Amino acid sequence: MKMSRVLKNLSKYSPGIRNIFVVGDLANTCQASEYTEMMRLFSDTTLLRKGIRSTYIRGNHDNFKKNGGLLFDSIVQQPRHQYQIIQGYPFISISSTSDAFRGEKCYDEEARQFLSESLADAAKNFPGKPIFVFNHVLPINTIIGSMVNSGWMAYALLIDEILNTYQQLIDFTCLTYYIIL
């Protein structure tokens, strides 16, 4: 399996990797078995060195079924949105919260409020430092496929106004990839 090889290779890096952000689409078709297998792989210390912290973020495939949020909560067992301080830097992650695979409410009011409050706190408490944000949906007009008129990408506008307020923000976003720190 490819993911097993990926995790083994990540464990070999020197200096050692401390954090991995899994930025959405944890399960391709939102099945309990997909979440269970992902969690099994990431907790297997023969694959991923003990002590590497993984943060999981829901993407649009994690909304493929209406019970996607419940599956995430019960199997992944992490908050949907997180504000972490890692090595003296703020890291904020927000999950897609739509109850539809492709819906214009990708980030509900709770997610947007969490992002706004966390960014304000990070800007206040970490002046002059970058603020790292992780989300699944591509920011508007950043790469091919993220243009406002590209259909389902248009719902990212809900957070663009929030993100554009902070110049020190570094946004990590991707579809079905892992970000490793």
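A. Seen up close, the nonpolar core. Ranked by size, the top nonpolar core spans 21 residues in total, and within it Leu7, Ile20, Leu26, Phe42, Tyr56 and Val76 carry the most contacts. Sorting the residues of this core by element identifies helix 1 (2-11), strand 1 (19-23), helix 2 (32-43) and helix 3 (68-76) as the ones contributing at least two each. Counting residues per element, this core draws most heavily on helix 2, which supplies five residues. Filtering out sequence-adjacent residues up to four positions away, Leu7 remains in contact with Leu41, Phe42, Leu47 and Leu48.

B. Region of interest: the pattern of salt bridges. Per the counting criterion, the structure on display carries three salt bridges. The salt bridge involving Arg112 is made with Glu109; its shortest N-O contact spans 2.9 Å. Remark: Glu109 and Arg112 occur in helix 4 (residues 109-125); sequence separation between them is three residues, near one turn of the helix.

C. Region of interest: the sheet that holds strand 3 (residues 82-86). Here we have four strands laid out as an open sheet, ordered 3-4-5-6, and mixed in their pairing. In the strand order of this sheet, the two ends are held by strand 3 and strand 6 (169-173), each with one partner. Neighbour to neighbour, the strand axes of the sheet diverge by 20 degrees on average, direction disregarded. Bridge analysis of strand 4 (residues 89-93) against strand 5 (residues 131-135) gives three bridges, and the strand direction is parallel. When the sheet's bridge partners are listed, Ile92 is paired in strand 5 with Val133. Along the sheet face, helix 4 touches strand 3, strand 4, strand 5 and strand 6 and points at about 175 degrees away from the line of strand 4.

Calculation rules
Residues numbered from 1 in each chain as written. Predicted model: local features only at pLDDT ≥ 70, side-chain atom pairs only at ≥ 80, totals over all residues. Heavy atoms only, no water. Core = buried A, V, L, I, M, F, W, Y, C linked by side-chain atoms within 4.5 Å. Buried < 20%, exposed > 50% of the residue type's maximum accessible area, 1.4 Å probe, protein only. Helix = DSSP H or I, 4+ residues; strand = E, 2+ residues; numbered from the N terminus. Contact = heavy atoms within 4.5 Å. Salt bridge = Lys/Arg side-chain N within 4 Å of Asp/Glu carboxyl O. Pairing = 2+ DSSP bridges. Axes fitted to C-alpha atoms, helices over the stretch in contact; angles between N-to-C directions.

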